[in-house]
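Each chain, letter by letter, is given below.
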Amino acid sequence: MTPKRVFLTGGAGFVATRMVEHLAGSAWQTHASSTDILDGEALQAELRQCQPDIVLHLAAQSHVPTSFREPELTARVNFDGTRSLLTALDQSGFAGALVFVGSGDMYGLVPEASLPIRETQTLRPRNPYAASKVAAEAWCMQHSLHCQYRIVMARAFNHIGRGQSAQFVLPAMAEQLVAIERGQRPPVLEAGDLDVTRDFTNVSDVLDAYLALAEKGAGGEVYNVCSGVEYRVRDLVEQMIALTGLPVAITHDPARFRRAEQARVVGDNRKLCADTGWAPRVSMADSLREILDDWRARTKGLP
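Everything quoted here is computed from the prediction, not taken from an experiment.

Novice: Help me out: how do you make sense of the sheet that holds strand β5 (residues 150-156) in this one?
Specialist: Consider a sheet: its strands pair through backbone hydrogen bonds, and that pairing is either parallel or antiparallel. One open sheet accounts for six strands, arranged β2-β1-β3-β4-β5-β10; its pairing is parallel. What marks the edges here is a single partner per strand, and that holds for β2 (29-32) and β10 (222-225). Neighbouring strand axes in the sheet, compared pairwise and without regard to direction, differ in orientation by 20° on average. Sheet topology places strand β1 (residues 5-8) next to β2; four bridges connect them, and they run parallel. Its bridge partner being in β2, Phe7 is matched across the sheet by His31. Running at roughly 160° to β1, helix α1 (residues 14-23) makes contact with β1, β2 and β3 (54-57) of the sheet. Of the strands in this sheet, β3, β4 (97-103), β5 and β10 are in contact with helix α7 (residues 203-216), which crosses β5 at around 155°.

Written out as structure tokens, the structure is:
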């Protein structure tokens, strides 16, 4: 890939922070924006100063429970924020590639007969977060028909890796396992519903996918960003337990238990692979070790 100047919205978030690290030491230049996505004038000024070749739109309110509690906030950040960014790009003279980052959650409840999920699957969002992303993607799609830059839309499935919040299942399990390793809690893992499957991709591979889409993705097109592999969450938790070498039991915590409407999830990444040459490289075993080591490092020296 030819070196580019990359502008990241949501600069303080998990994915943007990892992208800055991912490209550190390379010929690529990154600018992680902390500007309020709804402040169009400030965004425009920042874009004029940065003059990016690529914009990765990562800013979002992405926590589903929060989206139910605060649907107006979710709509403002995810939909109005996207419109604000597009206006700023138009007015700043941007002529590169914008990657809008959506979510596999946009598909909603998908029948098992329709797995793996393809980009042509009907979108039936079932929460305010997913609905706001569907609306924002539609706005990007229509905007791509008449703007002076290329817009590529990604629907990212679950991604995992160092730096992720314990709001998500695998880092939440890792946080408990590290505490068990240190004798800070009994050897019992408190979990929610583990008998679901999900399509997990290491965040490093996700970052490479976004860059590949910025370079080679077709304007106005939608791409699933996923591993194409179906993982049962319980199996992954048991693999993490095995990595600690400790006899740990799993118990259901009613506070964590939320019966998932979608029991099985796996995406189809063939379009992404065919158009860009991308393929996931980080194994699940390495991802699980990365998550455990991350929590060991985060809590080192803590009582």
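Next comes the rest of the write-up.
Novice: Where do I start with the side chain of Thr244 in this structure?
Specialist: Looking at the element boundaries, Thr244 is found in helix α8 (residues 233-244). The exposure class of Thr244 is buried, given its relative accessible area of 15%. There is a polar contact of 2.6 Å between the side chain of Thr244 and the backbone oxygen of Ile241. In this structure the side chain of Thr244 is engaged in a polar contact, spanning 3.3 Å, whose partner is the backbone nitrogen of Leu246. Discounting residues that sit within four places of it in the chain, Thr244 has contacts with Leu177, Glu181, Leu292 and Arg296.

Novice: How should the nonpolar core be read in this particular structure?
Specialist: Grouped burial of nonpolar side chains is what soluble globular proteins tend to show. Judged by nonpolar contacts, the single largest core of 28 residues is most densely connected at Leu56, Leu58, Tyr210, Leu213 and Val225. Listing elements by their share of this core, those giving two or more residues are β1, α1, β3, β4, β5, α7 and β10. The element contributing the most residues to this core is α7, with nine residues. In contact with Tyr210, not counting residues within four places along its chain, are Val15, Leu56, Leu58, Val99, Val101, Ala154, Ala156, His159 and Val225. Ranked by size, the runner-up nonpolar core spans 25 residues in total, among them Met173, Leu177, Ala191 and Phe200.

Novice: It is not clear to me how helix α6 (residues 169-181) should be interpreted in this structure. Could you clarify?
Specialist: For an α-helix, 3.6 residues make a turn, and residues three or four places apart therefore share a direction. For α6, spanning 13 residues, the distance from its first C-alpha to its last is 19 Å, which sits close to the expected 18 Å at 1.5 Å a residue. Among the 13 residues that make up α6, 10 are buried, leaving the element largely enclosed by the rest of the structure. Within α6, burial applies to Leu170, Pro171, Ala172, Met173, Ala174, Gln176, Leu177, Val178, Ala179 and Ile180. Here the buried face of α6 lies against β6 (159-160), β7 (188-191), α8 and α10 (284-298).

Novice: I would appreciate a short explanation of the packing of α8 against α10 in the present structure.
Specialist: Axis angle and axis distance: for two packed helices, these are the angle between their axes and the distance between the axes, and together they describe the pair. Following both chains from N to C, one finds α8 and α10 inclined at 60°, their axes separated by 10 Å at the closest point. What the angle tells us is that α8 and α10 run oblique. Here the hand of the crossing between α8 and α10 comes out right-handed. Contacts between α8 and α10 involve Leu236, Gln239, Met240, Leu243 and Thr244 on the former and, on the latter, Met284, Leu288, Arg289, Ile291, Leu292 and Arg296. Residues that form the contact of α8 with α10 fall into these classes: seven nonpolar, two polar and two charged.

Novice: Explain the pattern of salt bridges to me, please; I cannot follow it from the model alone.
Specialist: Close approach of charged atoms allows side chains with opposite charge to pair. Tallying each qualifying case throughout the model produces 19 salt bridges. Here Arg234 makes a salt bridge to Asp195, at a shortest N to O gap of 2.7 Å. Taken as a pair, Arg234 in helix α8 and Asp195 in the loop between β7 and β8 (197-198) lie far apart in primary sequence, 39 residues in all. The class of Arg234 is buried, set by a relative accessible area of 16%. Judged by relative accessible area, which is 39%, Asp195 ranks as partly exposed. Between Asp268 and Arg270 there is a salt bridge, with the nearest N and O atoms lying 2.6 Å from each other. The network of salt bridges with common partners includes Arg18, Glu21, Arg162 and Glu290.

What counts and what doesn't
Residues numbered from 1 in each chain as written. Predicted model: local features only at pLDDT ≥ 70, side-chain atom pairs only at ≥ 80, totals over all residues. Heavy atoms only, no water. Pairing = 2+ DSSP bridges. Helix = DSSP H or I, 4+ residues; strand = E, 2+ residues; numbered from the N terminus. Axes fitted to C-alpha atoms, helices over the stretch in contact; angles between N-to-C directions. Contact = heavy atoms within 4.5 Å. Buried < 20%, exposed > 50% of the residue type's maximum accessible area, 1.4 Å probe, protein only. Polar contact = N/O pair within 3.5 Å; in protein donor to acceptor, adjacent residues only side chain to side chain. Core = buried A, V, L, I, M, F, W, Y, C linked by side-chain atoms within 4.5 Å. Expected span 1.5 Å × (residues − 1). Parallel < 35°, antiparallel > 145°, perpendicular 65-115°, else oblique. Left-handed = near helix turned anticlockwise from the far one by under 90°. Nonpolar A, V, L, I, M, F, W, Y, C, P; charged D, E, K, R; others polar. Salt bridge = Lys/Arg side-chain N within 4 Å of Asp/Glu carboxyl O.

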